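Per-entry structural report
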Amino acid sequence: MEAGGLEWLLVPMHQLVSWGAAGAMVFGGVVPYIPQYRDIRRTQNAGGFSTYVCLVLLVANILRILFWFGRRFESPLLWQSVIMIITMLLMLKLCTEVRVSNELNIKRRSFADFDLNYFWHWSKFTDYVQCVLTFTCVTGYITYLWLDSSLFVETLGFLAVFTEAMLGVPQLYRNYQNRSTEGMSVKMVLMWTSGDTFKTVYFILNQAPFQFSICGLLQVFVDIAILLQVYLYSYYPQKPVSHTAHAASTKAL
């Protein structure tokens, strides 16, 4: 009788925990960008945030969605990709508007120029949308042609999670160039670390494709490296870069 009563209590609790974990997977990934979004909007300065972070996440999540068509994985991971793509587009829209409003150079750059020197540094949000749509159409068509190849599907899955694992690298490099983490939201990186740790544990416990677990661990290591930069540049200030070098790095990123 007691065993039956205990089971009656544990089953719904287990279901609630599963729903909570699934919800955390779907929406938890976008939470770190809320403080960064608010900081940029409040200060009208996007100089401390690398928009290449948006590029990495857009590519990674588009590839992950395509991977789902070849090898079905849990629905929360699929919806997480959809929510993340929307979030990155919103971040790009804000960063582009702020950057263009602060630029003194009146010359405008567009995706249609096909100028690699200004790749991902265009003047209108619509240019980023065109680039994302072009990438989606091309990779979607290639995936459609090779969907029956298990080697292609597994490689696609690896590329998706490996690209996401490189998420923090643009920010890591930008901090190194500037010899500072000023303008970067530390809260965002702390949330990256906690979220990536939770995500990796989730992958392992739910026996997600092995690519997910391996690259999840790599992502945690990159997050920790950025946190080390915060400590080093705060307590051991580096020699500031020259004005020319700073301008060039801002232009590149």
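Attention here is on the structure that accompanies the text.

Reading the values: the criteria
Residues numbered from 1 in each chain as written. Predicted model: local features only at pLDDT ≥ 70, side-chain atom pairs only at ≥ 80, totals over all residues. Heavy atoms only, no water. Helix = DSSP H or I, 4+ residues; strand = E, 2+ residues; numbered from the N terminus. Buried < 20%, exposed > 50% of the residue type's maximum accessible area, 1.4 Å probe, protein only. Contact = heavy atoms within 4.5 Å. Areas by Shrake-Rupley, 256 points an atom, 1.4 Å probe, with all protein chains shown as cover. Phe/Tyr/Trp six-rings, centres within 6.5 Å; stacked < 30°, edge-to-face > 60°. Lys NZ or Arg CZ within 6 Å of the ring centre and 35° of its normal. Expected span 1.5 Å × (residues − 1). Salt bridge = Lys/Arg side-chain N within 4 Å of Asp/Glu carboxyl O. Patch = residues over 30% accessible without salt bridge, like charges linked within 9 Å, V, L, I, M, F, W, Y side chains within 5 Å. Core = buried A, V, L, I, M, F, W, Y, C linked by side-chain atoms within 4.5 Å. Arc of directions from axis to C-beta.

1. Regarding the overall build of the protein chain
- From N to C terminus, the protein chain includes 10 helices and zero strands.
- Starting at the N terminus and ending at the C terminus, the protein chain contains elements arranged as α-α-α-α-α-α-α-α-α-α.
- The buried share of the protein chain, reckoned over its 253 residues, is 42%.
- The contacts in the protein chain between residues at least 6 apart in sequence include a share of 78% that link residues at least 24 apart.
- Summed over all atoms, the accessible surface of the protein chain reaches about 14,600 Å², with 69% contributed by carbon and sulfur.

2. What about the packing of aromatic side chains?
- In the structure shown here, the tally under the stated rule is 12 aromatic pairs.
- Measuring from ring centre to ring centre gives 5.4 Å for phenylalanine 111 and tryptophan 122, while their planes differ by 80 degrees; the resulting arrangement is edge-to-face. Of this pair, phenylalanine 111 sits in the loop between helix H4 (75–102) and helix H5 (125–146) while tryptophan 122 sits in the loop between H4 and H5, and the two are 11 residues apart along the sequence.
- Its relative accessible area of 17% is what places phenylalanine 111 among the buried residues.
- Residue class for tryptophan 122 comes out buried when judged on its relative accessible area of 3%.
- Aromatic side chains phenylalanine 158 and phenylalanine 162 sit 5.5 Å apart centroid to centroid with 15 degrees between the ring planes, which places their arrangement in the stacked category. A residue pair is termed a helical-turn pair when its members lie 3 or 4 positions apart in one helix, as phenylalanine 158 and phenylalanine 162 do in helix H6 (residues 150–165) at four residues.
- Looking at arginine 109, its charged tip hangs above the ring of tyrosine 118, at a distance of 3.9 Å from the centre.
- Seen from the ring of tyrosine 176, arginine 179 lies directly overhead, with NZ or CZ sitting 4.4 Å from the centre.

3. Here we look at H6
- Helix length check: H6, at 16 residues, gives a terminal C-alpha distance of 22 Å against a target of 22 Å (1.5 Å per residue), a fit within 8%.
- Taken together, the buried positions of H6 are Val153, Leu156, Gly157, Ala160, Val161, Thr163, Glu164 and Ala165.
- Check the buried side of H6 and you find it contacts helix H3 (52–70), H5, helix H8 (186–205) and helix H9 (210–235).

4. Some details on the pattern of salt bridges
- Summed over the entire model, instances satisfying the criterion amount to five salt bridges.
- Glutamate 97 is the partner of lysine 93 in a salt bridge, and the nearest nitrogen-oxygen pair spans 2.7 Å. Of this pair, lysine 93 and glutamate 97 both sit in helix H4, four residues apart, which is roughly one turn of that helix.
- You can call lysine 93 partly exposed: its relative accessible area is 34%.
- Take glutamate 97: its relative accessible area is 43%, and that puts it in the partly exposed class.

5. Considerations on unusual backbone geometry
- In this model, glutamine 44 sits at a positive phi of 55 degrees, which is unusual for a non-glycine residue.
- The residue glutamine 44 is located in the loop between helix H2 (33–43) and H3 in this model.

6. Considering a nonpolar patch on the surface
- A cluster of nonpolar side chains, namely Val138, Tyr141, Ile142, Tyr144, Leu145 and Trp146, defines an oily patch on the protein surface of about 710 Å² accessible area.
- You can see isoleucine 142 is positioned in helix H5.
- For isoleucine 142, a relative accessible area of 37% gives the class partly exposed.

7. Remarks on the nonpolar core
- Grouped together as the largest cluster of nonpolar side chains are 53 residues, with contacts concentrated most on Tyr33, Ile40, Phe49, Met88, Trp120, Trp192 and Phe212.
- Contributing elements (two or more residues each) for this core: H2, H3, H4, H5, H6, H8 and H9.
- Counting residues per element, this core draws most heavily on H3, at 13 residues.
- In this view, methionine 88 contacts Tyr33, Cys54, Leu57 and Leu58; residues no more than four positions away in its chain are not counted.

8. Brief notes about the environment of tyrosine 231
- Mapped onto the secondary structure, tyrosine 231 falls in helix H9.
- Sequence-wise, tyrosine 231 and threonine 181 are 50 residues apart; in three dimensions their C-alpha atoms are separated by 9.4 Å.

9. Focus on helix H7 (residues 169–178)
- Three or more residues of H7 are buried, namely Pro170, Gln171, Arg174, Asn175 and Asn178. Taken down its axis, H7 places every buried residue within 135 degrees of arc, on the same side.
- In the segment just after H7, arginine 179 is the residue with positive phi, at about 55 degrees.

10. Digging into the environment of cysteine 215
- Locating cysteine 215 in the fold gives a position in helix H9.
- On the basis of relative accessibility, which here comes to 3%, the residue cysteine 215 falls in the buried class.
- Through-space distance from the C-alpha of cysteine 215 to that of methionine 166 is 8.8 Å; in sequence the pair is 49 residues apart.

Treat this as a map of the structure, not an account of what it does.
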